[in-house]
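# Descriptive structure summary
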Amino acid sequence: MKIRIVLASAVVAGAFSLTAIAISGVLSKEPVPPAIAEATLWTPDPLSMPQIADYDVTPPAAFHADNASPMRPLPLLQSVFAETALPEIEPPLITWSREIASGETLDAVLANAGIAAPARAEIALALGAEYDLRRLRPGHEITVISKVDGNPSRVELAVDDGVRIETVFGQELVTRVLEPDPEMVTFAGEAVIESSVFAALDKAGIPARFAVDMAQMLGGTVDFRRELSGGETMRILWREARDGNERIGQPELAFATLDLGETVYEIVWPDDGSGEATIYVDGEVLRVFAQPVEGARLSSVFGRRTHPVYGNVRMHTGVDFAAARGTPVKATAPGRVSFIGRRGGYGRVVEIAHGSDTLTRYAHLSEVPDTLEQGQRVLAGDMIGRVGATGTATGPNLHYEVLVDGRPTDPLSDDRLAEAAERDADDTAALERLAEARSLLAERLTSEFVQTTTERL
């Protein structure tokens, strides 16, 4: 009974609440403003048909009339794309390079680079057309640039004085000779002798090979073993042919001084390539001397020695200069050619008479100029042959002798050649050359000092 009463009460209360809410909503409603009511009645104007521009459109070449539509085509905006070619990607190349060793042939080196026999034969023929392959020697360099499949793309042979012979593979095999255009640069340096001339030059950053030139020039005047006790000063001026930072060929001496304290020796080399040098003592001309082989290494001196071929002790009647085959050999003093030909173990020989009692002999020559004849007068520095290995010789070298009254004398100490050269010398011109050399040496030493100081700072 009680439950019925409670449910009835809840129903009555809910009905009453809903009635109250409905009456409240009707009483609180306000009318809509006229402007808003008018806006709700607006509608947009109907769209007009677009005007088609009368363009003369030319159909493409591939357009055919039988495929044409009866309606006029609408003009379309077309994007224009530039035809840009993609860059070609070069295939990677492999570079192989090394120097030719003693006793090696071109074919052996190319085989070592992995080049097949047919290609090796082609390369040899191509390079041989521009360079005598018999002149290959240790120190020459072969560079092979190959494709990834192993086929050569380019082969380069670097020989003397910066000259390169290049063979390029393509539709045709092309070979060319590339010669540098070097600039002659002058350098200067100073060295203090502590143990030897060679060590002093090497320590000072001066080409140590100049020690040989100094020995040739002053060997008969200065006793390098007894007179050099340490502390002596050498100043050197030299020239180098340069192609950028690369040196071409061998450096050439221009001026050298040896200060022994009480005596100063100076040597001036000309820049005309003759190799004829003038030696001064305390500013006075001592003698004129021309090296028989410029820049060569003094490999054997005058005196008793073990013979390199026969193995027994014999008198060595001259001095030997080791140099590459074909290096020019020059007369050391003015004279007259007295003999051209062969003399047993001497091989091919040229002999020059200097007056009635002195004779110079140049042996083991590979060749003699066709223009050189017996009885012809020559000057110091004139070329009279080329270094070779004819006769009894272990390798390319010049055997140089000085004979006085038919007897051999030490070429580095005999003064008769100097006397022969002095008869043709002009002391005034020689002293002018000395003054110029001194001035240039001082200028270059100052420049080198300033540059070194700046680099340190």
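All values derive from a computational prediction rather than experimental measurement.

Once that is clear, we can look at the overall build of the chain. Helix and strand content of the chain: 8 helices and 23 strands. Residue pairs at least 24 apart in sequence account for 57% of intrachain contacts in the chain once pairs closer than 6 positions are excluded.

We now examine the pairing of strand β4 (residues 164-168). Here strand β3 (residues 152-158) runs beside β4; their pairing, made up of 5 bridges, is antiparallel. Among the inter-strand pairings, alanine 158 is bridged to a residue of β4, identified as arginine 164. Linkage of β3 to β4, two consecutive antiparallel strands, is achieved through a turn of 5 residues, within which aspartate 161 is found at a positive phi near 60 degrees. Inspection of the sheet shows β4 paired to strand β5 (residues 174-178) by 5 bridges, in the antiparallel sense. In the strand pairing of β5, arginine 164 is matched with leucine 178. Between β4 and β5, which pair antiparallel in sequence order, lie 5 residues.

Here we come to the environment of glutamate 284. Along the chain, glutamate 284 turns up in strand β11 (residues 284-290). With relative accessibility at 54%, the residue glutamate 284 sits in the exposed group. Sequence spacing of glutamate 284 and alanine 430 is 146 residues, and the spatial spacing of their C-alpha atoms is 9.3 Å.

A few words now on the nonpolar core. Counting 25 residues, the largest nonpolar core has Leu201, Met217, Leu218, Met234, Ile236, Ile267 and Trp269 as the members making the most contacts within it. Contributions of two or more residues to this core are made by α5 (197-203), α6 (210-218), β7 (233-243), β8 (246-259), β9 (264-268) and β10 (276-281). If sequence neighbours within four positions are ignored, methionine 217 has contacts with Ile267, Trp269, Ala277, Ile279, Arg287, Phe289 and Gln291. Grouped together as the second largest cluster of nonpolar side chains are 19 residues, Ile352, Val378, Leu398 and Val402 included.

Turning our attention to the sheet that holds β4. Strands sit in the order β1-β2-β3-β4-β5 across an open sheet of 5 strands; the sheet is antiparallel. Here the strands that pair on one side only, and so sit at the sheet edges, are β1 (93-99) and β5. Neighbouring strand axes in the sheet, compared pairwise and without regard to direction, differ in orientation by 15 degrees on average.

On to unusual backbone geometry. Phi is positive for aspartate 282, close to 50 degrees, though the residue is something other than glycine. Its location among the elements puts aspartate 282 in the loop between β10 and β11. Residue aspartate 282 is classed as partly exposed on the basis of its relative accessible area of 47%.

A separate point is the pattern of salt bridges. A side chain with one charge can pair with a side chain of the opposite charge if their charged atoms come near. Under the counting rule described, the total for this entry stands at 16 salt bridges. One salt bridge connects glutamate 190 with arginine 235, and the closest N-O pair in it is separated by 2.8 Å. Pair noted here: glutamate 190 is in strand β6 (residues 183-192) and arginine 235 is in strand β7, with a separation of 45 residues, a long-range link. With a relative accessible area of 27%, arginine 235 lands in the partly exposed category.

Turning our attention to the side chain of threonine 233. Within the fold, threonine 233 resides in strand β7. Look past the residues within four positions of threonine 233 in its chain and what remains in contact with it is Glu190, Ala191, Thr257, Leu258 and Asp259.

What follows concerns the packing of aromatic side chains. On inspection of all chains with the given rule, the structure shows 3 aromatic pairs. Look at tyrosine 362 and tyrosine 400: their rings are 5.4 Å apart centre to centre, the planes differ by 40 degrees, and that puts the pair in the tilted class. Highlighted residues: tyrosine 362 in strand β19 (residues 358-365) and tyrosine 400 in strand β22 (residues 397-404), separated in sequence by 38 residues. An identical accessibility class is assigned to tyrosine 362 and tyrosine 400; each is buried. Within the aromatic cluster, the residues linked to one another by ring pairs are Phe187, Phe210 and Trp238. Across the ring face of phenylalanine 339, the terminal group of arginine 343 is positioned such that the distance to the ring centre comes to 3.9 Å. The lysine or arginine in question, arginine 361, covers the ring of tyrosine 346, its NZ or CZ lying 4.9 Å from the ring centre.

Here the focus is the environment of threonine 221. With respect to the helices and strands, threonine 221 occurs in the loop between α6 and β7. The class for threonine 221 is partly exposed, based on a relative accessible area of 25%. Spatially, the C-alpha atom of threonine 221 lies 9.8 Å from that of leucine 286, the residues being 65 residues apart in sequence.

Between the first and last C-alpha of helix α4 (residues 117-128) there are 16 Å, a value that for 12 residues agrees with the 16 Å anticipated at 1.5 Å per step. Ala119, Arg120, Ile123, Ala126 and Leu127 are the residues of α4 that are buried. Relative to the axis of α4, the buried residues are bounded by an arc of 130 degrees and lie together on one face. Exposed side of α4, more than 90 degrees from the buried face: Pro118 and Leu125 are the residues found there. As for α4, its buried residues are in contact with α3 (106-112), β3, β4 and β5.

For leucine 286, the location among the structural elements is in strand β11. Exposure remark for leucine 286: the relative accessible area of 30% places this residue in the partly exposed category. Distance in space between the C-alpha atoms of leucine 286 and glutamate 266 is 9.6 Å, their sequence separation being 20 residues.

Rules and cut-offs
- Residues numbered from 1 in each chain as written.
- Predicted model: local features only at pLDDT ≥ 70, side-chain atom pairs only at ≥ 80, totals over all residues.
- Heavy atoms only, no water.
- Helix = DSSP H or I, 4+ residues; strand = E, 2+ residues; numbered from the N terminus.
- Contact = heavy atoms within 4.5 Å.
- Pairing = 2+ DSSP bridges.
- Buried < 20%, exposed > 50% of the residue type's maximum accessible area, 1.4 Å probe, protein only.
- Core = buried A, V, L, I, M, F, W, Y, C linked by side-chain atoms within 4.5 Å.
- Axes fitted to C-alpha atoms, helices over the stretch in contact; angles between N-to-C directions.
- Salt bridge = Lys/Arg side-chain N within 4 Å of Asp/Glu carboxyl O.
- Phe/Tyr/Trp six-rings, centres within 6.5 Å; stacked < 30°, edge-to-face > 60°.
- Lys NZ or Arg CZ within 6 Å of the ring centre and 35° of its normal.
- Expected span 1.5 Å × (residues − 1).
- Arc of directions from axis to C-beta.

Honestly, it's all geometry; don't read function into it.
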